[in-house]
Amino acid sequence: VETTDEAPKKQGRWVYEVEVSIDTEGGNSDSFDSSISLSATLSKPKSILEIYASNTREEEDDEKETDETILGSDYISFIREQWGWFSTSEFRRDKFDDLYLRATAAVGLNYHFFNTDTNKLELRGGVGFRYDNYVNGGNYDSPTAYIGLKQNWQFAEWGVLTNDIVFTPSLKNVNDYLFSQDI
C-alpha cells in the first residue's frame, strides 16, 4: 500500500458547521427568536458537495411570525479551472406563510471569477423546476430559469463573509419569481 499527500486530497475533506441563535426581549412587547442550522461540506479538488438544514422560529407577544424549516443540497463539479456545472435542490416548509412544501431543483453551468483558499466568487446560470404545495390544498408548479451569485470571502483568520444571491423566475410567467439572499 502506497500513501502520498495526494491521497487525502482525492478523498476529500468533510467540514461540519453548527449554528444556534436564541434571542429574547421583554418590555412593551415580548419576543422570542430561535434558529439552528447544520451543514456538512465535502471538498475535493474537482468537486464540492454541501448538505444543509435549518429551522427558524420567531414569536412576538405569543404570536408566531416565522416558522420555517429548510433541507437542501448543492453540488459543484469543476470541468476546467474556472468552468463547471452545478446541481442544487431544496425543500422548504413555512407554516407562517401556509406553505406545506416548496421543492426546488436546478442544474446548469457555473463560472468562477476567482477561486482561492480565502476568496471565491461564482456566477451560476441554468434551468430548474419549482413545486409549491399549500396548507389549503392549492398547488403550483413551473419550470424556472436559475441565476445565482455565490461569494465566500475569508477577510481575517477569525471571520468569513458568505453571500448567496439567487433569482429564479418562472418560465410560465416572468412576473412570478423567487429572489433570495442569504448572508
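Being a predicted model, the structure only gives us computed values, none of them experimental. (Residues numbered from 1 in each chain as written. Predicted model: local features only at pLDDT ≥ 70, side-chain atom pairs only at ≥ 80, totals over all residues. Heavy atoms only, no water.)

**Q** Where do I start with the confidence of the model for the chain in this structure?
**A** If pLDDT is low for a region, its predicted coordinates should not be looked at in detail. A residue-level look at the chain finds 95% of positions with pLDDT of 70 or above and a mean pLDDT of 89. Looking over the chain, one finds the lowest element-wise mean pLDDT in helix 1 (residues 6-11), namely 63, and the highest in strand 5 (residues 83-94), namely 96. Residue range residues 1-5 is modelled with pLDDT below 50. Its contacts to residues more than four positions away, or to other chains, number 0 contacts. (pLDDT = per-residue confidence, 0-100. Helix = DSSP H or I, 4+ residues; strand = E, 2+ residues; numbered from the N terminus. Contact = heavy atoms within 4.5 Å.)

**Q** So what exactly am I meant to see when it comes to the pattern of salt bridges here?
**A** Side chains that differ in charge, positive against negative, can pair when their charged atoms come close. The tally for this structure, following the rule as stated, stands at 11 salt bridges. One salt bridge in this structure joins arginine 57 and aspartate 67, with 3.7 Å as the shortest N-O distance. Here the residue arginine 57 occupies a position in strand 3 (residues 47-60), and aspartate 67 occupies one in strand 4 (residues 63-78), the gap between them amounting to 10 residues. Owing to a relative accessible area of 38%, arginine 57 belongs among the partly exposed residues under this scheme. Two residues, lysine 150 and aspartate 164, come together in a salt bridge whose shortest N-O distance is 4.0 Å. Separated by 14 residues along the polypeptide, lysine 150 in strand 8 (residues 139-156) and aspartate 164 in strand 9 (residues 159-169) bring together distant segments of the chain. Look at the salt bridges and you will find they share partners, linking Asp74, Glu122, Arg124, Lys150 and Asp164 into a network. (Salt bridge = Lys/Arg side-chain N within 4 Å of Asp/Glu carboxyl O. Buried < 20%, exposed > 50% of the residue type's maximum accessible area, 1.4 Å probe, protein only.)

**Q** What exactly am I supposed to notice about a negative patch on the surface here?
**A** A surface patch of like charges, here negative, comprises Asp23, Glu25, Asp30, Glu60, Asp61, Asp62, Glu63 and Glu65. Contributing elements (two or more residues each) for the negative patch: strand 1 (13-25) and strand 4. Here aspartate 62 is to be found in the loop between strand 3 and strand 4. (Patch = residues over 30% accessible without salt bridge, like charges linked within 9 Å, V, L, I, M, F, W, Y side chains within 5 Å. Areas by Shrake-Rupley, 256 points an atom, 1.4 Å probe, with all protein chains shown as cover. Lys, Arg positive; Asp, Glu negative; His and termini not counted. Charge placed at Lys NZ, Arg CZ, Asp CG, Glu CD.)

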